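Architecture at a glance
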Amino acid sequence: MGKVLVVVDYQKDFVDGAIGFAGAEKIEQGILSLVEEYIARDQPVVFTLDTHGEDYLSTREGKHLPVPHCRKAAPGWRLYGRLERFMEEDHPHVYLAPKFAFGAQNYSYLAPYEPSEITVVGLVTNLCVIANAVILQTAFPNAEMVVDSRLCASFDPILHGKALDVMEGMQMKVLR
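For the structure given in this document, a descriptive report is provided here. This one's a predicted model, so the numbers in the text were calculated from it and none came from an experiment. Residue numbers restart at each chain and count upward from 1, following the sequence in its written direction. Residues qualify for local features only when their pLDDT is at least 70, as the model is predicted, and side-chain atom pairs are given and counted only at 80 or more; totals for whole chains, interfaces and linings, by contrast, use all residues. To obtain the side-chain values, all non-hydrogen atoms of the structure were used and water was disregarded.

**A look at the nonpolar core**
- Residues enter a nonpolar core if they are buried and are Ala, Val, Leu, Ile, Met, Phe, Trp, Tyr or Cys, with the set joined through side-chain atoms within 4.5 Å. Only protein chains enter the accessibility calculation, which uses a 1.4 Å probe; a residue is then buried when its area is under 20% of its type maximum, exposed when over 50%, and partly exposed in between. Of all hydrophobic cores here, the largest spans 30 residues; its most connected members are Tyr10, Ile31, Val35, Phe47, Leu83 and Leu123.
- Listed by contribution, the elements that provide at least two residues to this core are strand 1 (2-8), helix 1 (12-15), helix 2 (28-40), strand 2 (45-50), strand 4 (115-123) and strand 5 (144-153).
- Secondary structure elements follow DSSP: runs of H or I no shorter than four residues count as helices, runs of E no shorter than two count as strands, and numbering proceeds from the N terminus. At five residues, helix 2 tops the list of elements feeding residues into this core.
- Ignoring sequence-local partners within four residues, the contact set of valine 35 consists of Leu5, Val7, Val45, Phe47, Leu83 and Phe86.
- Ile118, Val120, Ala163 and Val174 belong to the second largest nonpolar core, which has 25 residues in total. Between two residues, a contact is recorded if the distance between any of their heavy atoms is within 4.5 Å.

Structure below.
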């Protein structure tokens, strides 16, 4: 039984790229420090990567958010800032998890770790963070779900707060 860290979509396009927003860059150091702590303790870290193809604008999401972003292997798809190095470095418990919708489709590779606590941080609180937190809570119903709101952000502060309230209402521990 152990701890797992999931960093949701902390990618260039969400911070200073196609759909970047003010304030997203402010959580970089906190996320980096947390990632380094987990790696030092040989605890798993998952980086979800919002991933779209050339057909993005014809998808349901693309019709609602008609701004191409996070195209696989494009500069905006990469992790932001000093976290980008984790896309190149080899760490035995670091996973890159491309996802094609708000939530990752599969977290089964975490099962051998028998997570007792899963901490979620990243972007965007009211979209991908909440979606992945719900999926993780469903996949690992006995793990304590922790959402560190200090290391999450949204383009809309009101929706950020509402999403945190919903997650708290779903019995997740929200650090404020």
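Now that the structure is up, let's keep going.
**Comments concerning helix 5 (residues 157-169)**
- A helix is expected to reach a length of 1.5 Å times the quantity of its residues less one. Taking 1.5 Å per residue as the helical rise, helix 5 with its 13 residues ought to reach 18 Å, and the 18 Å between its terminal C-alpha atoms agrees with that figure.
- By the burial criterion, the buried members of helix 5 are His160, Ala163, Leu164 and Met167. The arc enclosing the buried residues of helix 5, seen along the axis, measures out at 100°, which places them on a common side. Among the exposed residues of helix 5, those pointing more than 90 degrees away from its buried face are Ile158, Lys162 and Gly169.
- Here a polar contact is taken to be a pair of N or O atoms separated by no more than 3.5 Å, where protein atoms must pair a possible hydrogen donor with a possible acceptor and residues adjacent in sequence count only if both atoms sit in side chains. Where helix 5 begins, the capping side chain belongs to aspartate 156, and its oxygen is found 2.9 Å from the backbone nitrogen of isoleucine 158.
- A positive phi of about 70° marks glutamine 171, the residue just after helix 5. Comment: arc refers to directions from the helix axis out to C-beta atoms.

**Some points on the packing of aromatic side chains**
- Any two rings among Phe, Tyr and Trp, with Trp reduced to its six-membered ring, count as a pair given centres within 6.5 Å; such a pair is stacked if its planes are under 30 degrees apart, edge-to-face if over 60, and tilted if neither. Per the counting criterion, the structure on display carries six aromatic pairs.
- Measuring from centroid to centroid gives 5.7 Å for tyrosine 10 and tyrosine 80, while their planes differ by 85°, and the two rings are edge-to-face. You can see tyrosine 10 sitting in the loop between strand 1 and helix 1 and its partner tyrosine 80 sitting in the loop between helix 3 (60-64) and strand 3 (94-99), a full 70 residues away along the chain. For the pair tyrosine 10 and tyrosine 80, one class covers both residues: buried.
- Each ring, one from phenylalanine 47 and one from phenylalanine 86, has its centre 5.7 Å from the other, and the planes form 20°; the classification is stacked. Note that phenylalanine 47 is positioned in strand 2 and phenylalanine 86 in the loop between helix 3 and strand 3, a separation of 39 residues in sequence. Taken as a pair, phenylalanine 47 and phenylalanine 86 share a single burial class, namely buried.
- Put simply, the rings of Tyr95, Tyr107, Tyr109 and Tyr113 pair up and form one aromatic cluster.
- Here arginine 41 stacks its cationic end above the ring of tyrosine 38, 5.2 Å away from the centre of that ring. In this analysis the charged atom, NZ for Lys or CZ for Arg, is taken to sit over a ring once it is within 6 Å of the ring centre and within 35 degrees of the ring normal.

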